[in-house]
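Listed here are the chains, written in short residue letters.
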Amino acid sequence: MRTLALTLILACLPATAAGPIDEGARLAATCTACHGPTPVTGNALPPLTGQSREALLASLRAFKAGTRPATIMTQLAKGYTDEQLALIAAWFGQAPTAPVTGKKDRQ
Ligand code: HEC
C-alpha cells in the first residue's frame with residue numbers, strides 16, 4: 001500500500017529531470033520580461049521568438065564579446081555562460097511562437 005501511495009505521488013509530480021530545452025525555457029523566461037513572450041507587432045524591442053537559433057546565438061555572443069554595440073544586452077549577456085546562451089538561443093529557435101510563461105497570451 002505504501003509503495004502504491006508513493007508511486008501515485010511520484011506520478012503526480014511534474015517531471016523534475018530538466019532537459020536542455022527545459023533549462024533553456026527557464027533561462028528564456030527572464031528575456032521575455034523585456035522582449036515579450038511572443039512576437040508582438042509594435043513592441044519597442046525586437047522579438048526573440050521567430051529568429052533562428054544561429055542568428056540569436058551570434059547576436060548574444062557579439063553582445064557578450066562587446067563587438068555589437070548595445071545599451072543593456074552587453075551586461076546581460078556577460079551574466080550567462082556560453083552554454084547557457086546556447087540553451088537560450090536553442091529554446092527561442094525551436095519555439096517560434098510559444099509563450100515562455102505558459103500564461104494565456106493577451107494579444
Ligand atoms: C532589461 C531589458 C532586457 C532584457 C531582460 C533582455 N533584453 Fe535583449 N535587448 C534589450 C534591448 C534594450 C535591446 C537593444 C540592444 C541594446 O540596446 O542593448 C535588446 C536586444 C536584443 C537582441 C538583438 C535582437 C535583434 O534582432 O537585433 C537579442 C538577440 C536579445 N536582446 C536577446 C536577449 C536575450 C536572449 C535575453 C535573455 C537572456 C534578453 N535579450 C533580455 C533589452 C533586454
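As the structure is a computational prediction, the values presented were derived from the model and not from experiment.

## Looking at the overall build of the protein
Reasoning step 1: From N to C terminus, the protein includes five helices and zero strands.
Reasoning step 2: Traced from its N-terminal end to its C-terminal end, the protein shows the element sequence α-α-α-α-α.
Reasoning step 3: Each of the 107 residues in the protein was classed as buried or not, and the buried ones make up 21%.
Reasoning step 4: Here the analysis covers contacts within the protein between residues at least 6 apart in sequence; of these, 67% occur between residues at least 24 apart.

## A word on the site of the ligand
Reasoning step 1: Around the ligand, the structure places 17 residues, and the nearest of them are Cys31, Cys34, Ala70, Thr71 and Met73.
Reasoning step 2: No other element matches the five residues that helix α2 (residues 20-35) contributes to the shell around the ligand.

## Here we look at the packing of helix α3 (residues 53-65) against helix α5 (residues 82-94)
Packed helix pairs are specified by the crossing angle of their axes together with the interaxial distance, meaning the distance between the axes.
Reasoning step 1: Two numbers describe how α3 lies on α5: the axes approach to 8 Å, and their chain directions differ by 145°. As α3 runs across α5, the sense of the crossing is right-handed. Only Leu85, Ala86, Ala89, Ala90, Phe92 and Gly93 of α5 make contact with α3, whose side of the interface consists of Arg53, Leu56, Leu57, Leu60, Arg61 and Lys64.
Reasoning step 2: In terms of residue class, the contact of α3 with α5 is built from eight nonpolar, one polar and three charged.

## Looking at α3
Reasoning step 1: With 13 residues, α3 extends 18 Å from end C-alpha to end C-alpha; this agrees with the ideal 18 Å at 1.5 Å per step.
Reasoning step 2: The set of residues buried in α3 consists of Leu56, Leu60, Phe63 and Lys64. Along the axis of α3, the buried residues cluster in a sector spanning 95°; they form a single face. Facing away from the buried side of α3, by more than 90 degrees, are the exposed residues Glu54 and Ala65.

## Let's talk about the nonpolar core
Reasoning step 1: Formed by 14 residues in total, the largest nonpolar core has its most connected members in Ala28, Leu60, Ile88, Ala89, Trp91 and Phe92.
Reasoning step 2: At the level of elements, α2, α3 and α5 are the ones that each hand at least two residues to this core.
Reasoning step 3: A total of six residues in this core trace back to one element, the largest contributor, which is α5.
Reasoning step 4: Ignoring any residue separated from it by four or fewer positions in sequence, one finds Phe92 in contact with Ala28, Leu48, Thr49, Gln51 and Leu56.

## Considerations on the confidence of the model for the protein
Reasoning step 1: Chain-level pLDDT for the protein is 77 on average; 63% of the residues reach the 70-or-more range.
Reasoning step 2: Across residues 8-15 the pLDDT falls below 50, and counting only partners more than four positions away or on other chains, this stretch makes zero contacts in the model.
Reasoning step 3: The low-confidence segment residues 102-107 (pLDDT under 50) makes five contacts with residues lying over four places distant or belonging to another chain.

What counts as what
Residues numbered from 1 in each chain as written. Predicted model: local features only at pLDDT ≥ 70, side-chain atom pairs only at ≥ 80, totals over all residues. Helix = DSSP H or I, 4+ residues; strand = E, 2+ residues; numbered from the N terminus. Buried ≥ 20, exposed ≤ 12 C-beta atoms within 10 Å, placed from the backbone. Contact = placed C-beta atoms within 7 Å. Near = placed C-beta within 6 Å. Axes fitted to C-alpha atoms, helices over the stretch in contact; angles between N-to-C directions. Left-handed = near helix turned anticlockwise from the far one by under 90°. Nonpolar A, V, L, I, M, F, W, Y, C, P; charged D, E, K, R; others polar. Expected span 1.5 Å × (residues − 1). Arc of directions from axis to C-beta. Core = buried A, V, L, I, M, F, W, Y, C linked by C-beta atoms within 7 Å. pLDDT = per-residue confidence, 0-100.

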